[in-house]
Amino acid sequence: MAKKEKAVKAKEPSVIYYQDELTDEFSTAQITPKVIDGNYRYDRSKGIHGLLRFFWYGLIAPLPAFLYRKLKFRHKILGREKLKKHKKEAIFLFGNHTQPIGDAVIPSFIRYPAYIIVHPNNVSMPCLGRINPYLGALPLPDDMGAAKNFVATIKKKVEKKRAIFIYPEAHIWPYYTGIRPFGAESFQYPVKYGTPVYAFTNTYQKRRFSHKPRILTYIDGPFYPDTALPPRARREQLRNEVYNAMTERSKLSDCVVIEYKKAEEETI
């Protein structure tokens, strides 16, 4: 008679103490960000840059990205059919920021091609930093010249009916199972262009035969800017709808790898 496999006993979560949910960063990468100024090239769609984008994003990246998310996280996306309603339209998608590599990989499997608004760190690494722009990374600008080019690039992506992904929490908290508070600033883009908005929430689930959790990504929406409201109020309205949807989905996580505690809660 064959032996039954024993389920792996759950490990005690490690603990990280934080001080500020809005500004604390827990990525282990030590990167000095480059300055994104007016000389930074946002448009990588033409000439040699277009060929390089096709090479890296169309040929090289898909297989390792697929294997990474499947082998490491047994990743699955739930609710992707909701996106069909706007398959041929520009959309903005907002998600929780809990993986340094996974958060770069997952968007392209939600909707392809994907463009991701990122911190300059993502284009400042010695090798990968040169490749990430061809994989769809759009770093936030540091001066007025770059800001002008950045805004023009977002407009162009909207006109080409692309999907633009944003992590409004801004800072990485690995394996965090809640949703941190975030502002409404990044919702200016769908308000400006009147585009639909979706939420994608990465949740962590127990696996029977592994200590490593599984990631299930839930898609919610679409949410639309309320044109009866003034622009600033529309941002807040969209922010609240997305935040509430993500908060509800985050409750489906049943696995805590890292427990985050407010610093003053630490006992001596």
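Anything mentioned here points back to the structure above.
Chains are numbered independently. Their residues run from 1 in the order of the written sequence. Thresholds applied to this predicted model are a pLDDT of at least 70 for local features of residues and 80 or more for the giving and counting of side-chain atom pairs; totals over whole chains, interfaces and linings are not thresholded and use all residues. For side-chain calculations, the full set of non-hydrogen atoms in the structure is used, while hydrogens and water are omitted.

## Re unusual backbone geometry
Argument step 1. Cis geometry marks the peptide bond from tyrosine 112 to proline 113, where omega comes out at -5°.
Argument step 2. Mapped onto the secondary structure, proline 113 falls in the loop between helix H4 (107-110) and strand S4 (114-118).
Argument step 3. The omega angle of the peptide bond from glycine 221 to proline 222 is 5°, so this bond is cis rather than trans.
Argument step 4. For helices the rule is a DSSP run of H or I covering at least 4 residues; for strands it is a run of E covering at least 2, with both sets numbered from the N terminus onward. Relative to the helices and strands, proline 222 resides in strand S8 (residues 210-223).
Argument step 5. In this structure, lysine 161 is a non-glycine residue whose phi angle is positive, near 65°.
Argument step 6. Within the element layout of this structure, lysine 161 appears in the loop between helix H6 (144-159) and strand S6 (163-166).
Argument step 7. Located in the positive-phi region is alanine 170, a residue other than glycine, with phi close to 75°.
Argument step 8. By the secondary structure assignment, alanine 170 is in the loop between S6 and helix H7 (188-193).

## Things to note about the pattern of salt bridges
Argument step 1. A side-chain nitrogen of Lys or Arg and a carboxyl oxygen of Asp or Glu constitute a salt bridge if their distance falls within 4 Å. Here the structure, examined in full by the defined rule, presents 6 salt bridges.
Argument step 2. Between aspartate 43 and lysine 156 there is a salt bridge, and its shortest N-O distance comes to 2.8 Å. Note that aspartate 43 is positioned in the loop between strand S1 (14-18) and helix H1 (47-60) and lysine 156 in helix H6, a separation of 113 residues in sequence.
Argument step 3. You can call aspartate 43 partly exposed: its relative accessible area is 27%.
Argument step 4. The rule is simple: take the accessible area with a 1.4 Å probe, protein chains only, and divide by the maximum for that residue type; under 20% is buried, over 50% is exposed, in between is partly exposed. We classify lysine 156 as partly exposed; its relative accessible area is 22%.
Argument step 5. Here aspartate 220 ties to lysine 82 by a salt bridge, and the two come within 3.5 Å at their closest N and O atoms. Here aspartate 220 is found in strand S8, whereas its partner lysine 82 is found in the loop between strand S2 (76-78) and strand S3 (91-95), with 138 residues between them in sequence.

In short, shape yes, function no, at least from these values alone.
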